[in-house]
Amino acid sequence: MTHRIAIAPSGFKESLSAARVAEAIAVGVRRVIPDAELDLIPLVDGGEGTAEALALAGGGRLVPCTATGPVGEPVASHFALLGGPGPLTAVVEMAAVAGLALVPPGLRHPGATTTYGVGELIRAALDSGARRILIGCGDSGTSDGGAGALQALGARLADRHGRELRRGGGALHELERIDASGLDPRLARTELLVACNPYNVLCGKRGVARVFGPQKGATPAEVELLSAGLERLADVLTRDLAPAFTPATGAPVDLRTAPGTGASGGLGAGLAAVGARLLPRYDVLLDGLDLDARLARADFVITAEGALDSQTVRGKIPAEVARRAHACGVPVLVLAGTIGPGAQDVRAVGVDAYSSILPAPMTLVEAIGRSGEFLADATERAMRIMALGTRLAPLAA
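For the structure given in this document, a descriptive report is provided here. (Residues numbered from 1 in each chain as written. Predicted model: local features only at pLDDT ≥ 70, side-chain atom pairs only at ≥ 80, totals over all residues. Heavy atoms only, no water.)

## Observations regarding the sheet that holds strand β1 (residues 4-7)
1) Next: Sheet architecture is open: 5 strands sit in the order β2-β1-β11-β12-β13, paired in parallel fashion. Where the open sheet ends on each side, the last strands, each with one partner, are β2 (37-40) and β13 (353-356). Sheet twist, expressed as the average angle between the axes of neighbouring strands with direction ignored, equals 20°.
2) Next: Looking at chain direction, strand β11 (residues 300-308) and strand β12 (residues 332-339) are connected through 7 bridges and run parallel. (Pairing = 2+ DSSP bridges. Helix = DSSP H or I, 4+ residues; strand = E, 2+ residues; numbered from the N terminus. Axes fitted to C-alpha atoms, helices over the stretch in contact; angles between N-to-C directions.)

## Regarding helix α2 (residues 50-57)
1) Next: Every buried residue of α2 is listed here: T50, A51, L54 and A55. Viewed along the axis of α2, the buried residues span an arc of 125°, placing them on a single side of the element. Of the exposed residues in α2, those oriented more than 90 degrees away from the buried face are L56 and A57.
2) Next: Along its buried surface, α2 packs onto β3 (61-68), β4 (74-81), β5 (89-93), β6 (132-136) and α9 (281-285). (Buried < 20%, exposed > 50% of the residue type's maximum accessible area, 1.4 Å probe, protein only. Arc of directions from axis to C-beta. Contact = heavy atoms within 4.5 Å.)

## Points about the packing of aromatic side chains
1) Next: Applying the stated criterion to the full structure yields 0 aromatic pairs.
2) Next: Over the ring of Y116 we find R167; its NZ or CZ atom is 3.7 Å from the centre of that ring. (Phe/Tyr/Trp six-rings, centres within 6.5 Å; stacked < 30°, edge-to-face > 60°. Lys NZ or Arg CZ within 6 Å of the ring centre and 35° of its normal.)

## What about the pattern of salt bridges?
Side chains that differ in sign of charge can pair as their charged atoms come close.
1) Next: The final tally for this structure, using the stated rule, is 25 salt bridges.
2) Next: Here R4 makes a salt bridge to D299, at a shortest N to O gap of 3.1 Å. Taken together, the residues span a long stretch of sequence, with R4 in strand β1 and D299 in the loop between α10 (291-296) and β11 at a distance of 295 residues.
3) Next: Note on R4: relative accessible area 36%, which makes it partly exposed.
4) Next: Residue class for D299 comes out partly exposed when judged on its relative accessible area of 29%.
5) Next: Across the pair E224 and R210 runs a salt bridge whose closest N-O atoms are separated by 2.9 Å. Taken together, the residues span a long stretch of sequence, with E224 in helix α7 (residues 220-240) and R210 in helix α6 (residues 208-212) at a distance of 14 residues. (Salt bridge = Lys/Arg side-chain N within 4 Å of Asp/Glu carboxyl O.)

Encoded structure:
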């Protein structure tokens, strides 16, 4: 009997791409079931690796460029141009220019980091002739509501004295007005699609600064300053920009609480204010993968992510894979670098079992450096336990 196993993981942040995670899991499976029929489906969520993955899937290419990084220094970055019919489509991956991995540990202060480079990549994509731009949100190291991206695209953000606002979310509470007259006119003729987690909103109790600010290095006091700044930004964007840039749907967007406005530290809200459509990321990113049919053909699904915790069920790849596989009646195993509070919630979305890949306590540096090895070993252990369970089942019956 041939075992059909679908391997559909996300990448491990700052460690392995989704493709390398899938390959490591495949190594572990083949140690136990050498003749297994494996379907490797590396998945991206808009964060690290998105541009490269979509370029490979869509017959496109990466375009290298230099842009302003999250701490204000130039970084080597890229965007993708996709093949296929229709208008030329570009993919801008915000993590490639403003991701947390680009912020040195000693500089992780989200009040100071900027999305300016995201706006530069969008302009570079426009210069390449793109008339449809997909912006992937995820793995950000910023919390400026997309203010930096707007500045790079030509908007002028001023304080009450008329001075240009300094970059970073920590200055947003000083924002008085936005002058949109200098915005790149090509934006009005370009379809902007933002692939984002719809659970992330800009403001309120579950606002992005409160949920993700601490992960990016913000203290409790800084979280409150960032939250106040994003509230102020939403007010000014709505007053000065949103009426002039109604999204393609024609429906008004509540920049404070609409799904996806909090994506990538609020980048979703900033781009929505200049006409971008905020779309559930998997509706965009999984298009063309035929994922549901591939999961349905499998006897078993293995997915993975770096950290399994309470955030997983709020739009992370393992939850999306489990939900789809559960609808097909296919069991799911999740492998994770770490298991955190709330991990058990994944059972509600169709996960049958989950396990950490770490064999013993160790430093983060060692865990990241050996993650491929640990993934293969953890997969082998899981498959041997499953094989033992299969042998014991008749005895139990």
